[in-house]
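# Remarks on the overall topology
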Amino acid sequence: MSQQPHMIGGLPPEAQPQLYLDGVSRAFDGFKAINNLSLVIERGELRAVIGPNGAGKTTMMDIITGKTRPDTGQVLWEQSVDLTMLDEADTAQLGIGRKFQKPTVFENHTVEDNLALALKGDRSPFAALFYRAAAKEAARIDELLGIIRLGDLRRRIAGSLSHGQKQWLEIGMLLAQDPQLLLVDEPAAGMTDAETMLTADLLKSIAGARSVIVVEHDMDFVRALDCKVTVLHQGSVLAEGRLDAVSAMPEVIEVYLGR
Amino acid sequence: MAASRLIDRRMGIFLAGLFVLTVAVPVGNLWIAGQPVPTYLVALIGKYLCYALLAVALDLVWGYCGILSLGHGAFFALGGYAMGMYLMREIGARGVYANPVLPDFMVFIGWKHLPWYWLGFDHFWLAAIMVVAVPGALAFVFGWFAFRSRVTGVYLSIITQAMTYALMLAFFRNEMGFGGNNGLTDFKDILGFDLASHETKVGLMMLSAVALAAGLLLARWITTSRLGKVLVCLRDAESRTRFLGYRVEHYKLFIFTVSAMMAGVAGALYVPQVGIINPSEFSTANSIEIVIWVALGGRGTLVGAALGAILVAGAKTLLTGWFPELWLFALGALFVLVTIALPNGVLGALEGGIGRLRRGTPTREAEA
Amino acid sequence: MTFVLRIVVVLLTLAGAQHAGAADFAKLVNALPHGSYHERADVVREIGKTGNPRAVEVLQALANDDLKVMADGTVVIVDDKTGAAVGAVEGASLGTPSADSLTRVRVNNMVRRAIRTATGMLTLRSPDPAKRLAAARDALRSASPDQIEALDAAIGAETDAGVKALLTEARAAAVLKTDAATTEKVAAIRLLEARGDEAARAALSPLATAKDPEIARAVTSALASIAETQRMWRLAQNVWYGLSLGSVLMLAAVGLAITFGVMGVINMAHGELVMLGAYTTFVVQQVIRADAPWLFGWSLAIAAPLAFVVAGAVGIAIERGIVRHLYGRPLETLLATWGVSLILQQAVRTIFGPDNRDVGNPGWMSGAFPLGQMQVTWNRLWILIFAFAVFAALLFVLKRTPIGLQMRAVTQNRAMAANMGIRTGRVDALTFGLGSAIAGLAGVALSQIDNVSPNLGQNYIVDSFMVVVFGGAGNIWGTMAGGFALGIANKFLEPFTGAVLGKIVILVGIILFIQKRPRGLFAVKGRAVEA
Ligand SMILES: Nc1ncnc2c1ncn2[C@@H]1O[C@H](COP(=O)(O)OP(=O)(O)OP(=O)(O)O)[C@@H](O)[C@H]1O
Ligand SMILES: [Mg+2]
């Protein structure tokens, strides 16, 4: 499963990239959704990924999380683990958390249970069978409920939440997992402007201790994140840099902003 | 604390009813003059209780985990065959051919030796282990393949059906050594108790009630644990559950195997009470009928599943007695009506109705 | 040299017999009641050689104990039922003599054998080529040296090439039992080797241990070559059985491929729709038998469109009444349609009774014809053709007609199709109706080879699902490939495992296959499927 660690430029482990994609391609029925994609995410980095519909943003996340296997290329986690050999549960246990484009929460469980089930811990069936809630975990849930501001609704069935509330709950579940890397797909969809800004702040505050990749179409949101931006087009990186810089590039304007 | 987790209101009511039954039936059959509870009724009730346990087993996988198994008839039958093998060997030299070792049907087809897989079945304890081990092992192996490769939904239903069908064909073969068409029958006694006696029948019925209660509590314990919550997660959003780091296939495998074992126990209790086990127990129709018990009672309610089994089986006994022509019409209509009009089953509809009356307005959950 | 001499002798005796004619025949017939069984058998052989047109009738009467002697010594043939007698020699009617004035001419097995050979010889000259062919086949099977003369005569007179070849082979087989010269026997062996079937093998195998090394060698190599030929034919026969089973499976499953593939609906009542098709055929035939027997040859052609309509209408009713309410809930659909299947089964049982109903094969559907060493039954052949025709028609509907386009649009993206103005409800009903109607057609075909009973559908439901799942839902090419692959695999396994075990092996194989390719051979790919 894991490979020999190999250093890039002899850097100490803390300075090594968290995630390293090299020459990744994936075709669906001959259509290249990801085409020779290379990407490096530093430890603690906040990165925004933008690109037109169908650029391959979600597919990139599928590959990182082991949902989709690339045809070629390398995906390395902390320089040592080959993510292409793992599946979704493995990558989640490694510390990669994901929020989906379409919010998916467990509709038949309460808000509280949704968070509890996401909390970091032993995931084996037998551990789950004999699990007893600990005080520390209850406290953590309270804390998370505060962050996502769903404290009043903690006993509500998640299926009855509004779209935006579900988005928040899913963010809460993501935080509960305590991941090293957060993959966040279009978190702002269905949120009010104020909430969008709150989300941006939240993500900014998370970054540093953890790495975060955010996919978003909302440019105000991306601007608010104030971070390095990667523009994806036809499955590969078109441009990288500050938002102002990339949005000034003619090729970016042509494929994306110009439309 | 633990009790309140396991026994909610509906479970409490059901268990109380079951307790009354286990006391009233023996008393009515054995001790009250004039026998207000005839012995055939005792055996019938015992049979229903086995069905109820089988329904609880299916509810565990279907109600809580979304696996519509059309293979539970097979697990039930395998448990039944394991018990039947013990009962056959118990007959000893009292068979028609008076062979002390070989069951009659083997003598009849000219076998000289007991096949290896029949060895040891003269010991009750071995048979008792096999009752859970064989269905459990089959479910484990089958599930290991199926869940690992992420076969879900109707595809899973279809291949469980194929498994059951293949087993039925296999058990119909005389060469299998399970009595072919006729199956195993003509049992004499169990652990030395005469199967024809009133006392044994009452005892078996009480044992079935205890097994049902134990099965319900076990199922309840599992479903109210965190594991049970994870099962509901993967039922509703399997992919999402994986992304939280849960190995969905392990959870499914666990519950599928436990459920198969429970079905095996139900089959094992069933066989001595009806006195026969044959390959028709493996038929497709049987396995689907179990599903309608659960659907009628209410998926994911455990108690509802048990009630559904008893209701449908009772109706079957009555209707096939009165108007045999009508039974399949009624059963067919039940399938259609329950799926369309009663998606939450009788129990769901009852409790939903009561809840709405109490609150006065429909809740948002009920709409969702 | 001896060969030529023999032929001359044979021809001369034959000519003599022909010349002696009727007088000899009468003498021989009148001699029949007398003498020992041994002598009687000799007389029978002589009668065979006369070639008299009445000889067959007389000999058959003798074999059936219908040859009697009247008090005055006249030999007569008496009809068992009416008791009417005709003179054995001339065939003139002699009224109805009382039973106790007649003595039976007794025969034993030896005489019967002689009768069989003699009538065989006689039919070799029958004017009907089919009868001659059958007689030649008998001659090959019995292969006795004393037939050689008759065979030679028949070969000389034969005009039909097929019969002639068979006669020559029969003669070769007979020659092998004589003490003819080695070269002649080797030539005979070669001839039989070329024939290459079971009869040839039976004729040759006793000679494998012949004293003459040349003959033994020739026989051994001939037997090996025959074994090879037979193996090839067995293979061909298995392929044919497999194709035939495959066509049946495909017919039963292709409707399911539509409902399951296009709509994602598991229709457990599919088998019962097949059954309705079969019962429609039964009803059509009943009406024809009662009112228009001359139409019987057309009964299937009449039943097919009716079955299409009946099953299609029931299908649309199921869709509008039940399935429609359950879209997006495939497991519930499975249960509800199972309920429908129970109701349909019981309805048919109530109306038509629980037993098998008799559905007849029209003339063109019955019987078989030989193809080399295999037998091809007409009904299986027609069903294969019918299956392909249905498949082609379906392909046409799906790929080339507007309704087919709409169906495919709805399969690929229901919401989008709805937005584009396609009335998805109507398309759903039509699609389900089409799948059901095809099940009805399958029922017409199945009524010709299977028992028509209320359980007919149940026997096919598991198989049909296996075909669809194996082939890949939503792709009717997959269904065709799945049907034929499973049919052929089944028939190839059967000789090794027996039918039941073979089926079990196939089922287990499919279960394992699904693990490898959860979406079947020809999977429909895409995100929509995964969701
Ligand atoms: N499993 C799959 N099967 C077939 N095609 C796929 C699959 N997954 C992705 N694709 C195709 O790959 C392309 C990239 O899709 P992807 O969802 O990654 O785009 P995206 O950048 O996330 O777009 P959006 O901004 O609309 O979310 C699309 O054309 C999509 O149809
Ligand atoms: Mg996307």
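The residue numbers shown here count from 1 along each chain, following its written sequence. Note on labels: chains are lettered from A, ligands numbered from 1, in written order. Residue-level local features of this predicted model are given only where pLDDT is at least 70; pairs of side-chain atoms are given and counted only at 80 or more, and the full residue set underlies all totals for whole chains, interfaces and linings. Side-chain numbers here rest on the full set of heavy atoms in the structure, without hydrogens or water.

Scanning chain A for helices and strands turns up ten helices and ten strands. By the compact-globule yardstick of 18 Å for 259 residues, chain A fits well, its C-alpha radius of gyration being 19 Å. Along the three orthogonal principal directions, the C-alpha set of chain A runs to about 50 × 45 × 40 Å. In chain A, which comprises 259 residues, the share counted as buried stands at 54%. When checking whether two residues touch, look at their non-hydrogen atoms; a contact exists if any pair is within 4.5 Å. When contacts within chain A are restricted to residue pairs at least 6 apart in sequence, long-range pairs at least 24 apart make up 67% of them. Note that accessible areas follow from Shrake-Rupley with a 1.4 Å probe, and for residues the cover is restricted to the protein chains shown. Carbon and sulfur atoms make up 52% of the accessible area of chain A, which amounts to about 11,100 Å² in all. Only four residue types enter the tally: Lys and Arg on the positive side, Asp and Glu on the negative side; His and the chain ends are excluded. One atom stands in for each charge, and that atom is NZ of Lys, CZ of Arg, CG of Asp or CD of Glu. The distance from the centre of the 26 positive side-chain charges to the centre of the 35 negative ones in chain A is 3 Å. Counting from the N terminus, the helices are DSSP H or I runs at least four residues long and the strands are E runs at least two residues long. In this setup the radius of gyration rests on C-alpha atoms only. A globule is expected at 2.2 Å times the number of residues raised to 0.38. Note on exposure labels: buried denotes an accessible area under 20% of the residue type's maximum, exposed denotes more than 50%, and partly exposed covers the range between, all computed with a 1.4 Å probe on protein chains only.

Take the interface of chain B and chain C next. In this assembly, 39 residues from chain B lie in contact with 38 residues from chain C. Between Lys or Arg on one side and Asp or Glu on the other, a salt bridge is scored when a side-chain nitrogen of the former is within 4 Å of a carboxyl oxygen of the latter. On inspection of chain B and its partner chain C, the count reaches one salt bridge. One salt bridge in this structure joins C:E332 and B:R299, with 3.7 Å as the shortest N-O distance. We call two N or O atoms a polar contact when they sit within 3.5 Å, provided that within protein one can donate a hydrogen and the other can accept it, with sequence-adjacent residues counted only if both atoms are side-chain atoms. The interface formed by chain B and chain C holds five residue pairs in polar contact (both at pLDDT 80 or more) in total. For the side of chain B that touches chain C, the elements supplying multiple residues, two or more each, are α6 (124–148), α7 (153–172), α12 (284–297) and α14 (324–341) of chain B. With 13 residues, α7(B) is the single largest residue contributor to the side of chain B that touches chain C. Residue polarity is assigned by list, with Asp, Glu, Lys and Arg as charged and Ala, Val, Leu, Ile, Met, Phe, Trp, Tyr, Cys and Pro as nonpolar; anything else, Gly included, falls into the polar class. Among the residues making up the side of chain B that touches chain C, the classes are represented as 28 nonpolar, eight polar and three charged.

Looking at chain A, pLDDT values average 86 and 93% of them are 70 or higher. Note on residues 1–9 of chain A: pLDDT is under 50 here. Beyond four places in sequence and across chains, it has 16 contacts. As a per-residue measure, pLDDT tells how confident the predictor is, with possible values from 0 to 100.

Quick look at the packing of helix α12 (residues 299–321) of chain C against helix α17 (residues 424–446) of chain C now. Residues and elements named next belong to chain C. Think of each axis as a best-fit line through the C-alpha atoms, taken over the contacting stretch in the case of a helix, with angles from 0 to 180 degrees between the N-to-C directions. For the pair α12 and α17, the least separation of the axes is 6 Å and the interaxial angle reads 140°. Classified by the angle their axes make, α12 and α17 are oblique. The two elements α12 and α17 cross, and the hand of that crossing is right-handed. On α17, the residues that touch L300, A303, A304, A307, F308, A311, G312, G315, I316, I318, E319 and R320 of α12 are G425, D428, A429, F432, G433, L434, S436, A437, G440, L441 and V444. A breakdown of the residues in the contact of α12 with α17 according to their chemical character gives 14 nonpolar, six polar and three charged. The labels follow the angle: roughly parallel below 35 degrees, roughly antiparallel above 145, roughly perpendicular from 65 to 115, and oblique for the rest. A clockwise turn of the near helix away from the far one marks a right-handed crossing, whereas an anticlockwise turn of less than a right angle marks a left-handed crossing.

Glancing now at the sheet that holds strand β5 (residues 81–82) of chain A. All names here are of chain A. Pairing between two strands requires that DSSP report at least two bridges joining them. Strand order in the open sheet made by the four strands is β2-β1-β4-β5, with antiparallel pairing throughout. A strand with exactly one partner marks an edge of an open sheet, and here the two such strands are β2 (31–41) and β5. Relative to β2, strand β1 (residues 19–28) runs antiparallel, the two being bridged by seven bridges. Note on β2: the bridge partner recorded for Y20 is V40.

In sheet architecture, strand pairing relies on hydrogen bonds along the backbone and comes in two forms, parallel and antiparallel. Residues and elements named next belong to chain C. The antiparallel open sheet is built from four strands, whose spatial order is β3-β2-β1-β4. With partners counted over all chains shown, the strands left at the sheet margins are β3 (85–87) and β4 (103–104), one partner each. Sheet analysis places strand β1 (residues 67–69) next to strand β2 (residues 75–78), joined by three bridges and oriented antiparallel. The residue bridging L67 from the neighbouring strand is I77, located in β2.

Glancing now at the coordination of the magnesium ion (ligand 2). Within the protein, A:T58 (OG1) and A:Q101 (OE1) serve as the donor atoms for the magnesium ion (ligand 2), at 1.9 to 2.2 Å. Placement of the pair is A:T58 in helix α1 (residues 57–64) and A:Q101 in the loop between β6 (96–99) and α3 (111–118), with a sequence separation of 43 residues. Here the coordinating atoms are restricted to nitrogen, oxygen and sulfur within 2.8 Å of the metal centre, or 3.2 Å for Na, K and Ca, and because water is not among them the sites may look incomplete.

Where α7(B) contacts helix α20 (residues 499–516) of chain C, the two axes come as close as 9 Å, and the packing angle between them is 160°. Looking at the two axes, α7(B) sits roughly antiparallel to α20(C). Between α7(B) and α20(C) lies a crossing of left-handed hand. Residue-level inspection shows B:I159, B:A162, B:M163, B:Y165, B:A166, B:L169 and B:A170 of α7(B) in contact with α20(C), the latter providing C:V500, C:K503, C:I504, C:L507, C:I511, C:I514 and C:Q515. The class makeup of the residues in the contact of α7(B) with α20(C) is twelve nonpolar, one polar and one charged.

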